[in-house]
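What follows is the residue order along each chain.
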Amino acid sequence: MAALPKRIIKETERLNKEAPDGITAEPHEDNLRYFDVTIKGPGGSPFEGGTFKLELFLPEDYPMAPPKVRFLTKIYHPNIDRLGRICLDILKDKWSPALQIRTVLLSIQALLSSPNPDDPLATDVAKHYKENEKEAIAQSQEWTRKYAVAG
Amino acid sequence: MAKVPRNFKLLEELEKGEKGIGDGSCSYGLEDGDDITMSNWTGTILGPGHTVHENRIYSLRIHCDDHYPEVAPAVTFISRINLPFVDQKNGKVDLKKISNLSHWSHEMSLETVLVEIRRAMASGENKKLPQPEEGSTFF
């Protein structure tokens, strides 16, 4: 296997030593560009109390290209679709090589606190959020209890 | 080269399939759009012209297990078809009997599988084989 770029080694070490609050990221032993990630639902959000699993992959041209990230835990959120794909500008056209795995995961955590139904990926969820926010939030809470709470 | 993990390869394949591949003679998609493991797919092959398959549409089921793409997917015809590499009892495709698929590599894809099956359908020895009634299925 090709040597891992120094930048990725440094980022991994720092994630391991000083993990951001409520976030873990661990590389697979057989593929150091492929991470198992968990993000805790932020307090005060409909995802509070849940621990969400994600997967993250650093493509060959990282950091010129953004990481690829996907939720593995089902989540009722207007910017996350049924396959866990995330609509977030820094994962697409707003990516900059100055950003890191850490900033990406913090941005995803922030997205959980502030769903944005005006830029939806899951259009049915976004519609629900726009038409009846209270009911949509209740649905997000129910999915969190059902899919993101261990045991 | 960085090794692309199964799920991210399949996500790429899904996006490519949604846009439409090649000339449209083969297509594929997830059997269930909620399947977060992306294991079960359906494919269609439009019968190649100037063969007994012309104008027929064949449906297939494709299963990608946890080891995909290191291991080839399992491919089964739903539509009944008579070919030497298709088990006539259950529609299972023996990829080892198709020259361009017999040595599976992780660089191949669902698209490669469908395109190569279609190519084999049009080969000299297969293109005139008698075929079951159109529209009949293995299940």
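Preceding this paragraph is the structure being described.
Here the structure is a predicted model, which is why all the values come from computation and not from measurement.

**Q** Outline the pattern of salt bridges, supporting the account with residue identities and numerical values.
**A** Across all of its chains, the model carries 12 salt bridges over all chains by this definition. Of the charged contacts in the structure, one is a salt bridge between Arg85 of chain A and Asp81 of chain A, with a shortest N-O distance of 2.9 Å. Since its relative accessible area comes to 17%, Arg85 of chain A is described here as buried. A residue is classified by how much of its surface remains accessible, and Asp81 of chain A, at 14% relative accessible area, is buried. Between Glu31 of chain B and Arg61 of chain B there is a salt bridge whose closest N-O contact spans 3.6 Å. One end of the pair, Glu31 of chain B, is in the loop between β1 (26-30) and β2 (40-46); the other, Arg61 of chain B, is in strand β3 (residues 57-63), with 30 residues separating them in the sequence. Accessibility expressed as a relative area gives 39% for Arg61 of chain B, which makes it partly exposed.

**Q** Kindly report on unusual backbone geometry, identifying the contributing residues and their values.
**A** Geometrically, the link from Tyr62 of chain A to Pro63 of chain A is a cis peptide bond, its omega value of 5° lying close to zero. Positionally, Pro63 of chain A belongs in the loop between β3 (51-57) and β4 (68-71). Tyr68 of chain B connects to Pro69 of chain B through a cis peptide bond whose omega is 0°. Topologically, Pro69 of chain B is positioned in the loop between β3 and β4 (74-77). Phi is positive for His50 of chain B, close to 60°, though the residue is something other than glycine. Mapped onto the elements, His50 of chain B comes out in the loop between β2 and β3.

Procedures and definitions
Residues numbered from 1 in each chain as written. Chains lettered and ligands numbered in written order. Predicted model: local features only at pLDDT ≥ 70, side-chain atom pairs only at ≥ 80, totals over all residues. Heavy atoms only, no water. Salt bridge = Lys/Arg side-chain N within 4 Å of Asp/Glu carboxyl O. Buried < 20%, exposed > 50% of the residue type's maximum accessible area, 1.4 Å probe, protein only. Helix = DSSP H or I, 4+ residues; strand = E, 2+ residues; numbered from the N terminus.

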